[in-house]
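Descriptive analysis of the structure
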Amino acid sequence: MPDTHALKVRDLAYHAAGRPLLQDICLDLPASRVSALLGPNGAGKTTLLRLLAGLAAPSRGAARLAGQCVSRMDARRRARLIAWVPQHLPADIPLTAGEFVALGRMPHQGAFARPSPADKTATQEALAIVEMEAHAAKRLDALSGGERQRVAIARALAQQAPVILLDEPTNHLDLRHQHRLQLLLRELAAQGKTVVQVLHDLALAAEYADQAALLNAGRLEAAGNAREVLTPERLLAVYRWPVRLAHPPRQARAA
Ligand SMILES: Nc1ncnc2c1ncn2[C@@H]1O[C@H](COP(=O)(O)OP(=O)(O)OP(=O)(O)O)[C@@H](O)[C@H]1O
């Protein structure tokens with residue numbers, strides 16, 4: 001399968017407030033795969049995801065999509081290519097869930113155009129996928145944390161971008177919605193999308209991710225096939241806590 005929507009990170013470094021937050025990152029995040037960015041608090045996962053989304057520019061090196069630096073892409077082109085699900089969706093955005101999800105269609109619309117039937121269908125379908133269609137008329141501040149999280153995911157789905165980046169998307173979700181989301185992400189990858197998520201739940205990563213990248217103190221400790229990356233020895237060294245994953249990584253189960 002052609003890998004035109006793979007993200008390629010080369011020799012990337014990022015500094016803020018006079019200190020390096022990321023150094024020497026080289027990483028391939030292929031299309032048609034679910035990749036998990038893992039590591040302890042403060043390792044640099046969100047910072048790396050923001051650089052992949054083009055929300056910040058690297059101090060050195062580059063994150064490229066289809067050969068182009070994401071930080072230098074025109075914002076509209078970037079929004080057509082990359083959908084972003086933040087860690088927390090603020091409750092004080094004065095929109096209903098339906099209006100917020102419809103924002104995902106903006107990169108596909110003309111400046112003053114009204115939403116097309118295709119835009120409306122994409123919005124409805126995205127709400128239905130996350131089981132939020134019954135809440136479409138509710139304001140965001142009238143939703144629970146998990147419901148708001150599902151609305152943020154729906155906006156990214158409505159965007160229909162080939163790359164989807166998610167920062168701890170299972171954070172506020174109950175068990176069923178965590179697993180439903182992971183199955184959805186696998187389905188999106190099977191359709192050819194590049195799916196990259198920051199996760200703290202190593203069992204979920206082992207169960208659903210194809211690829212894993214393990215960050216520690218701003219450096220990439222290991223990356224590649226999830227089964228090979230998530231070894232007890234490496235996890236003990238990075239998390240400084242013994243971890244033995246109950247679920248074998250999916251490549252092991254598939255074998
Ligand atoms: N704008 C900033 N200025 C200075 N330091 C920052 C900035 N943003 C993040 N940091 C620091 O960079 C480090 C990495 O932060 P980041 O949010 O990427 O970590 P993370 O791996 O996502 O952590 P967590 O699991 O706790 O969410 C942290 O030590 C954080 O305090």
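Up top you'll find the structure we're talking about.
In short, a report on the structure. (Residues numbered from 1 in each chain as written. Predicted model: local features only at pLDDT ≥ 70, side-chain atom pairs only at ≥ 80, totals over all residues. Heavy atoms only, no water.)

**Here's the deal with the overall build of the protein chain**
From N to C terminus, the protein chain includes ten helices and ten strands. Taken over the C-alpha trace, the protein chain has a radius of gyration of 18 Å; the compact-globule value for 255 residues is 18 Å, and the two agree within 12%. The dimensions of the protein chain, computed from C-alpha atoms along their principal axes, are 55 × 40 × 40 Å. For the protein chain, long-range pairs separated by at least 24 residues make up 69% of all intrachain contacts whose partners lie at least 6 apart in sequence. Put simply, the protein chain has 32 plus and 23 minus side-chain charges, and the middle of one group is 4 Å from the middle of the other. (Helix = DSSP H or I, 4+ residues; strand = E, 2+ residues; numbered from the N terminus. Rg over C-alpha atoms; globule rule 2.2 N^0.38 Å. Contact = heavy atoms within 4.5 Å. Lys, Arg positive; Asp, Glu negative; His and termini not counted. Charge placed at Lys NZ, Arg CZ, Asp CG, Glu CD.)

**Notes on the nonpolar core**
Core analysis: the biggest nonpolar cluster contains 49 residues, and Leu-38, Val-151, Val-195 and Leu-230 have the highest contact counts within it. Per-element accounting of this core gives the leading share, seven residues, to helix α5 (residues 145–159). The contacts of Leu-230, once residues within four sequence positions are left out, are Leu-38, Ala-206, Ala-212, Leu-235 and Leu-245. Formed by 29 residues, the second largest nonpolar core is a distinct cluster that contains Val-9, Leu-22, Leu-37 and Met-73. (Core = buried A, V, L, I, M, F, W, Y, C linked by side-chain atoms within 4.5 Å. Buried < 20%, exposed > 50% of the residue type's maximum accessible area, 1.4 Å probe, protein only.)

**Focus on the pattern of salt bridges**
Inspection of the entire model under this criterion finds nine salt bridges. Across the pair Arg-60 and Asp-11 runs a salt bridge, and its minimum N-O distance is 3.1 Å. Of this pair, Arg-60 sits in strand β4 (residues 60–65) while Asp-11 sits in strand β1 (residues 7–16); the two residues are 49 residues apart in sequence, bridging distant segments of the chain. Here Asp-24 and Arg-219 are joined by a salt bridge, their closest N and O atoms 2.8 Å apart. With Asp-24 in strand β2 (residues 19–29) and Arg-219 in strand β10 (residues 219–225), this residue pair connects regions lying 195 residues apart in the sequence. Note on Asp-24: relative accessible area 42%, which makes it partly exposed. One network of salt bridges, in which partners are shared, links Asp-11, Asp-24, Arg-60 and Arg-219. (Salt bridge = Lys/Arg side-chain N within 4 Å of Asp/Glu carboxyl O.)

**A closer look at helix α1 (residues 45–53)**
With respect to burial, α1 is a largely interior element, seven of its nine residues being buried. Along α1, the positions that sit buried rather than exposed are Lys-45, Thr-47, Leu-48, Leu-49, Leu-51, Leu-52 and Ala-53. Directly beyond the C-terminal end of α1, a positive phi value near 80 degrees is found at Gly-54.

**Topic: the packing of helix α4 (residues 117–129) against α5**
Where α4 meets α5, the axes come as close as 8 Å, and the angle between the chain directions of the two elements is 140 degrees. Viewed along their axes, α4 and α5 adopt a mutual orientation that is oblique. Crossing of α4 against α5: the hand is right-handed. Between α4 and α5, the contacting residues are Ala-122, Thr-123, Ala-126, Leu-127 and Ile-129 on the first element and Ala-154, Leu-157 and Ala-158 on the second. Residues that form the contact of α4 with α5 fall into these classes: seven nonpolar, one polar and no charged. (Axes fitted to C-alpha atoms, helices over the stretch in contact; angles between N-to-C directions. Parallel < 35°, antiparallel > 145°, perpendicular 65-115°, else oblique. Left-handed = near helix turned anticlockwise from the far one by under 90°. Nonpolar A, V, L, I, M, F, W, Y, C, P; charged D, E, K, R; others polar.)

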